[in-house]
Amino acid sequence: MTLKIAIFSFAHMHAQSYAAAIAANSGATLAGVWDADAARGQAMADLYKTTFYASERELLAQGLDGAVVASENVHHRRLVEMAAEAGVKAILCEKPLATTVANARAMVDYCAARNVKLATAFPCRYSPAFQSLLQKVQGGAVGKVLAIRGANRGKAPGGWFVDKALSGGGAVLDHTVHAADLNWLLLGQNATEVYAETGSEFQHAACEDTGFLTINYDGGVFATLDTSWSRPKNYPTWGDVTIQVVGTEGVIDADLFAQNLVCYDDTAGTASWSNWGSGTDTEMIADFLRLTAGQDAPRLATGEDGLRAVQIALTAYESAALGQPVPVASGN
Amino acid sequence: MTYRVALIGAGTMGGVHARHWNAMPGAEIVGVLDPRADAARAAGPAFADWDTLISQSKPDIVDICTPTPFHREYVEKAAAAGKAIFVEKPLSRSIEDCDAMLAAVEAAGVPAMSGHVLRYFPEFAAAKRAVDAGKVGKPITIRTARMAGFPDLGGRPNWYADPAQSGGLVLDMILHDFDWLRWTFGPVTRVFAKGLYGQEEYFGDLDYALVTLRFASGAVGHVTGSWAHPGGFRTTLEIAGDAGLIEHDSDRSAPLSAMLKTKGGAGGVAVPESPMAPTEDPYYQELAAFVHALQNNLPPPVTLQDAREATRIALAALESIETGKSVTLS
């Protein structure tokens, strides 16, 4: 059987990569798209050879197996709950899962109560470089892990990403969740405390573009994380994800996007990196389709995983306001 | 004139200094004090005690390269004897000692410079020039990293492994970064740090620290210090501003990389090398800068006050590691 999958909103640019992965998968069909921006929705429907629906309910009435939600962050909850209510089997929600812990918790509970599988889009999990790092760390290559230094930086985004009313936050919320999720996989421990220095001097916008977090974990591991939108406009690529894992027996550095051609283009007047590393979205979408088909997809991040990461990011805002570390609330 | 130099301490750093003093026109080593007579003799004319050294070798400059706990004693002695003083970093393990040294130098009216040599490393000097020239616009986030193995003294008693004496890598190694950052980006107002310092089960073989700084300018800094990297040495630097970015990675700027067969024919390890002209060597440069200041009656380019401020940042980082709280610097 072919799984019928729909995409709700292309506000987040990752939706295009998900659409391409769904369209390319022989086990699934892109049954339709909805977008609050009709022109964008229609253009995407044309691009991926599917139907645009101006009404979420009309699209949900098409007997969908799965839904992908890639709207502005503040709309995640409404769309996820609407899809769950309509009886899809599984939902993949773009990160961050929500802009408040209460909303993230509500989404997880809402789906659980209806036996709908909720997944969070954390594609970095599927990076072969990260998988190799994870395997080495779990195999004891660095001995006992003592510290992790992470960074996930990018160029300044525009549009709704810098509009707090739609994004819920800037660089801290946008990037912390990825790295926090990778730390969770590496350590299997919960964060206990977060410290953060933030700022907004790159763009002078209302939301922060600078984020330096320090995270303490159960068991004593400490980690820092640079989430800043600090790459200049002419940086040769979009940004980076790097992780330094320090243990009693040595250190491993991972640079998830290091597999690049260096391209010097006289016509465009640019020097840029063209990444030839394995894409992550194809594997992630394949796992989501397994989940939708009722199979196990243990590598795919769950709603709980998304919630855990959101909690760390939001604690960072509290710390930045206080200038002191803040405990990560548990169990709410 | 030729400046007569007395070297106090002929260990790792003392040996480096001796090499450069001996190569420098206008300077000569006239006396060396070190409890290890062989090491002292290798660096220059050896003396058995301070009083004999001073009275017989008649130095103009006292260059103090002892382990940190001996700095105060020799700075005070050299100041009382009216000598120009070069003292290695860290100035001291405590602010009280720093203040005592500052007071001694001021009372004696002698010129004094501290060995914050990172300012003379060409990549860091060039980065500061680029920042000063506005190449990144307003600096907003700055990251530095200094990664090496735990210091090995080749069987000698390892004072680095005693946190009370060395302060670990926070006070001994990334103090360099703190000084360079303060020099380039201005005063630091808040420090938060995590590290292995004080964790007895690891410290001694390993140290690792991640330090976050807030500058008065609003910029945020992050310093990685590692004595947990087995073998090798690597530094990285990144300055992001609102109009540009500067990156440096020592692994990517080594003009030489040798990979040679070992005797048995097995594979070797790549050994990168980043050679500098002898007079461009940062350790030569800092000593030459001190001599230049003395010759021209100028203030030394790195003062003991600078050294005290860098020490204050490092001590705040250690306090933060111990208390788990951020530390505000006035």
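Residues numbered from 1 in each chain as written. Chains lettered and ligands numbered in written order. Predicted model: local features only at pLDDT ≥ 70, side-chain atom pairs only at ≥ 80, totals over all residues. Heavy atoms only, no water.

Undergrad: How would you summarise the overall build of chain B if you had to cite specific residues and measurements?
TA: In terms of regular secondary structure, chain B is built from eleven helices and 15 strands. Expected size for 330 residues packed as a compact globule is a radius of gyration near 20 Å; at 20 Å, chain B falls within 12% of this value. Counting only C-alpha atoms, chain B reaches 60 × 55 × 45 Å along its principal axes. Classification of the 330 residues of chain B by burial places 57% in the buried group. Taking as baseline every contact in chain B between residues at least 6 positions apart, the subset at least 24 positions apart corresponds to 69%. Carbon together with sulfur atoms contributes 53% to the accessible area of chain B, which is approximately 13600 Å² in total. Averaged over its 29 positive side-chain charges, chain B has a centre that lies 4 Å from the centre of its 38 negative ones. (Helix = DSSP H or I, 4+ residues; strand = E, 2+ residues; numbered from the N terminus. Rg over C-alpha atoms; globule rule 2.2 N^0.38 Å. Buried < 20%, exposed > 50% of the residue type's maximum accessible area, 1.4 Å probe, protein only. Contact = heavy atoms within 4.5 Å. Areas by Shrake-Rupley, 256 points an atom, 1.4 Å probe, with all protein chains shown as cover. Lys, Arg positive; Asp, Glu negative; His and termini not counted. Charge placed at Lys NZ, Arg CZ, Asp CG, Glu CD.)

Undergrad: Can you lay out the interface of chain B and chain A for me, pointing to particular residues and giving the numbers?
TA: Facing 37 residues of chain B, the contacting portion of chain A comprises 38 residues. For the pair chain B and chain A, the summed buried area comes to about 3100 Å², and 59% of that belongs to carbon and sulfur atoms. A per-residue breakdown of the area chain B buries against chain A is headed by R143(B), K194(B) and Y208(B), which together make up 17% of the total. Our enumeration of links across chain B and chain A arrives at eight salt bridges. Residues E238(B) and R231(A) are paired through a salt bridge, measuring 2.8 Å at the closest nitrogen-oxygen approach. Inspection of the chain B/chain A interface yields 15 residue pairs in polar contact (both at pLDDT 80 or more). Of all elements in the fold, only β7 (139-148), β8 (188-195), β9 (208-215), β10 (220-226), β11 (233-241) and β12 (244-249) of chain B reach the threshold of two or more residues within the side of chain B that touches chain A. The leading source of residues in the side of chain B that touches chain A is β7(B), at five residues. By residue class, the composition of the side of chain B that touches chain A is 15 nonpolar, twelve polar and ten charged. (Buried area = accessible area lost by both parts, 1.4 Å probe. Salt bridge = Lys/Arg side-chain N within 4 Å of Asp/Glu carboxyl O. Polar contact = N/O pair within 3.5 Å; in protein donor to acceptor, adjacent residues only side chain to side chain. Nonpolar A, V, L, I, M, F, W, Y, C, P; charged D, E, K, R; others polar.)

Undergrad: Tell me about the domain arrangement of chain A, and please be specific about residues and values.
TA: Residues and elements named next belong to chain A. By the assigned domains, chain A splits into domain 1 (3-121) and domain 2 (126-278 + 310-327). Of note, the centres of domain 1 and domain 2, computed from C-alpha atoms alone, are 26 Å apart. Each partner contributes residues to the interface: domain 1 has 15 residues there, and domain 2 has 13 residues. Carbon and sulfur atoms make up 70% of the area that domain 1 and domain 2 hide from each other, which totals about 1100 Å². For the pair domain 1 and domain 2, the interface holds one salt bridge. The salt bridge involving D174 is made with K95; its shortest N-O contact spans 2.8 Å. Taken together, the connections running from domain 1 to domain 2 amount to five residue pairs in polar contact (both at pLDDT 80 or more). Of the residues that constitute the side of domain 1 that touches domain 2, the class distribution is seven nonpolar, six polar and two charged. (Domains from an automatic or database assignment.)

Undergrad: Account for the nonpolar core, naming residues and giving values.
TA: Membership of the largest hydrophobic core comes to 68 residues, with the highest contact counts inside it found for F8(A), I91(A), L118(A), L133(A), L186(A) and I243(A). With eight residues, helix α8 (residues 171-187) of chain A is the single largest residue contributor to this core. In this view, L186(A) contacts F130(A), L133(A), L134(A), V137(A), I148(A), I243(A) and V245(A); residues no more than four positions away in its chain are not counted. Within the second largest apolar cluster, 48 residues are counted, among which are V131(B), M173(B), F178(B) and W180(B). (Core = buried A, V, L, I, M, F, W, Y, C linked by side-chain atoms within 4.5 Å.)

Undergrad: Just give me the short version of the sheet that holds strand β1 (residues 3-8) of chain A, but keep the residues and values in it.
TA: Residues and elements named next belong to chain A. The six strands lie next to each other as β3-β2-β1-β4-β5-β6, forming an open sheet whose pairing is parallel. Among the strands making up the open sheet, the edge pair consists of β3 (52-53) and β6 (117-121). Pairing of strand β4 (residues 66-69) with strand β5 (residues 90-94), which is carried by four bridges, proceeds in the parallel orientation. Opposite A67, over in β5, you have I91 as the bridge partner. (Pairing = 2+ DSSP bridges.)

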